[in-house]
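This is what each chain is made of:
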Amino acid sequence: MKLPTRPASTFFVVAQPIRGLCGALAGVCLFLVVPTHSAASAQETGAASVPPVILSAGPDWIPLKPELEIEPGSALDFSTMGFVDAPAGKHGRVIARADGQFAFADSPETPRRFYGVNLCFGAHYLSHTEAEDLAGRLVQLGYNALRIHHYERDLVQGQSPTTKLNSQKLEQFDYLLAALIQRGLYLTTDLYVSRSVPWREIGLDRDGQIPMDTFKILVPVHAGAFENWKQFTRALLDHTNPHTKRRYADEPALAWLSMINEGNYGNFYRDLRTIPEWTRAWNQWLAQRYGTRNALADVWGRELKESENPAENSVALSENLRDSGLRARDGIAFLSDTERDMVRRMKK
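Enquirer: Quick question: what am I supposed to make of the packing of helix H8 (residues 276-290) against helix H10 (residues 326-346) here?
Expert: The relative placement of two packed helices is expressed as an angle between their axes plus a distance between the axes. At their nearest, the axes of H8 and H10 sit 10 Å apart, and the two run at 105° to each other. By the angle between their directions, the pair H8 and H10 is classed as roughly perpendicular. Contacts between H8 and H10 pair Trp-278, Ala-281, Trp-282, Trp-285, Leu-286, Arg-289 and Tyr-290 from the former with Arg-327, Arg-329, Asp-330, Gly-331, Ala-333, Phe-334, Leu-335, Asp-337 and Thr-338 from the latter. Taken together, the residues of the contact of H8 with H10 break down into nine nonpolar, two polar and five charged.

Here it is in structure tokens:
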């Protein structure tokens, strides 16, 4: 029997009338579906019409109104369970012990756990009342950490260059972070996530904005992109939060920093191979590692083409890092060394 198309919220039951369908688990009804129409009319099946089932508030059905606020002292209020020790940072920096456990600088013998959640985009830019309410609610939910994520788009809104912070957004950002710290939440963020950077801002004569993932892989090999990253980082970390009276660089509650969000070069390897600065850096790495083309040829053998020479920046990266050859092996080592060098320069 071919049934006519209906919205996804309806379905057909053929041949007999029903009062409802109950989804059960271990004998307990989890949901009740009340039909509004059958596939065949009562006239077709000979069945009597069935009155609708109406659910009304009463002893068996209690209205549930979702609320954001948590009643203090209730079973859902985790703020008194010892997850936070406010304000965050009172015990000094969060450190990593030799066994991989986190600890506070003033009590390295005691391992610490952090349980957090993300904020993204405009969620960082609230009124003072909203910021206080959010900080308190996060503690009641049992969190003692929070990730500041995808925050830079708004933080540099309308600014040129995009390494300059928007004063209005910065005021909201500062107040929220101060409220979180005061409530005992430790913070983490990335120094580049998705800030929109014009090509010309890094010295390339092109219209438009650099794609997010392209900027990530330009930073380690392109001087203009690295300088742009550095200028934004300094603008943020050198800024003193007027509510805490501390620079973000000195803030012990800002416990973890990622230099570039999801910056694993392997994620963007296909695009990376098309960027001239990466080809140049690869050939320089080969020249430093092997010294001469002849020495490279002695190791690579036939993998090195006659037309390839590190001194001429003409040695191509492996098409696939999963290849079993020496070119791919050296390519992986090159990416690792490049990232290590980038982080070393970022620490200066």
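Enquirer: Whenever I open this one, the pairing of strand S8 (residues 186-190) confuses me. Can you help?
Expert: Side-chain positions along a regular strand alternate between the two faces of the sheet. For S8, the tally of buried residues reaches four of five residues, placing the bulk of the element in the interior. Note: strand S7 (residues 145-149) against S8, four bridges, orientation parallel. Opposite Ala-145, over in S8, you have Tyr-186 as the bridge partner. In this structure, S8 lies alongside strand S13 (residues 254-258), joined through four bridges in parallel fashion. Bridge pairing in S13 links Thr-188 to Trp-256.

Enquirer: I would appreciate a short explanation of empty space enclosed by the protein in the present structure.
Expert: Leftover empty space is mapped by rolling, across the atoms, a probe with the size of a water molecule. Applying the stated rule across the entire model yields one cavity of 30 Å³ or more. Of the volumes computed, that of the largest cavity is approximately 70 Å³. Lining the largest cavity we find Ile-148, Tyr-151, Phe-173, Leu-177, Leu-187, Thr-189, Leu-236, Tyr-248 and Leu-254. Among the elements of the structure, helix H4 (167-183) and S8 are those that each provide at least two residues to the lining of the largest cavity. For the lining of the largest cavity, the class distribution of residues is eight nonpolar, one polar and no charged.

The rules behind each value
- Residues numbered from 1 in each chain as written.
- Predicted model: local features only at pLDDT ≥ 70, side-chain atom pairs only at ≥ 80, totals over all residues.
- Heavy atoms only, no water.
- Axes fitted to C-alpha atoms, helices over the stretch in contact; angles between N-to-C directions.
- Helix = DSSP H or I, 4+ residues; strand = E, 2+ residues; numbered from the N terminus.
- Parallel < 35°, antiparallel > 145°, perpendicular 65-115°, else oblique.
- Contact = heavy atoms within 4.5 Å.
- Nonpolar A, V, L, I, M, F, W, Y, C, P; charged D, E, K, R; others polar.
- Buried < 20%, exposed > 50% of the residue type's maximum accessible area, 1.4 Å probe, protein only.
- Pairing = 2+ DSSP bridges.
- 1 Å grid on protein atoms, 1.4 Å probe; cavity = no way out; pocket = protein on both sides within 12 Å on 5 of 7 lines; lining within 4 Å.
- Points joined across faces, edges and corners; volume = space filled by probe spheres on them.

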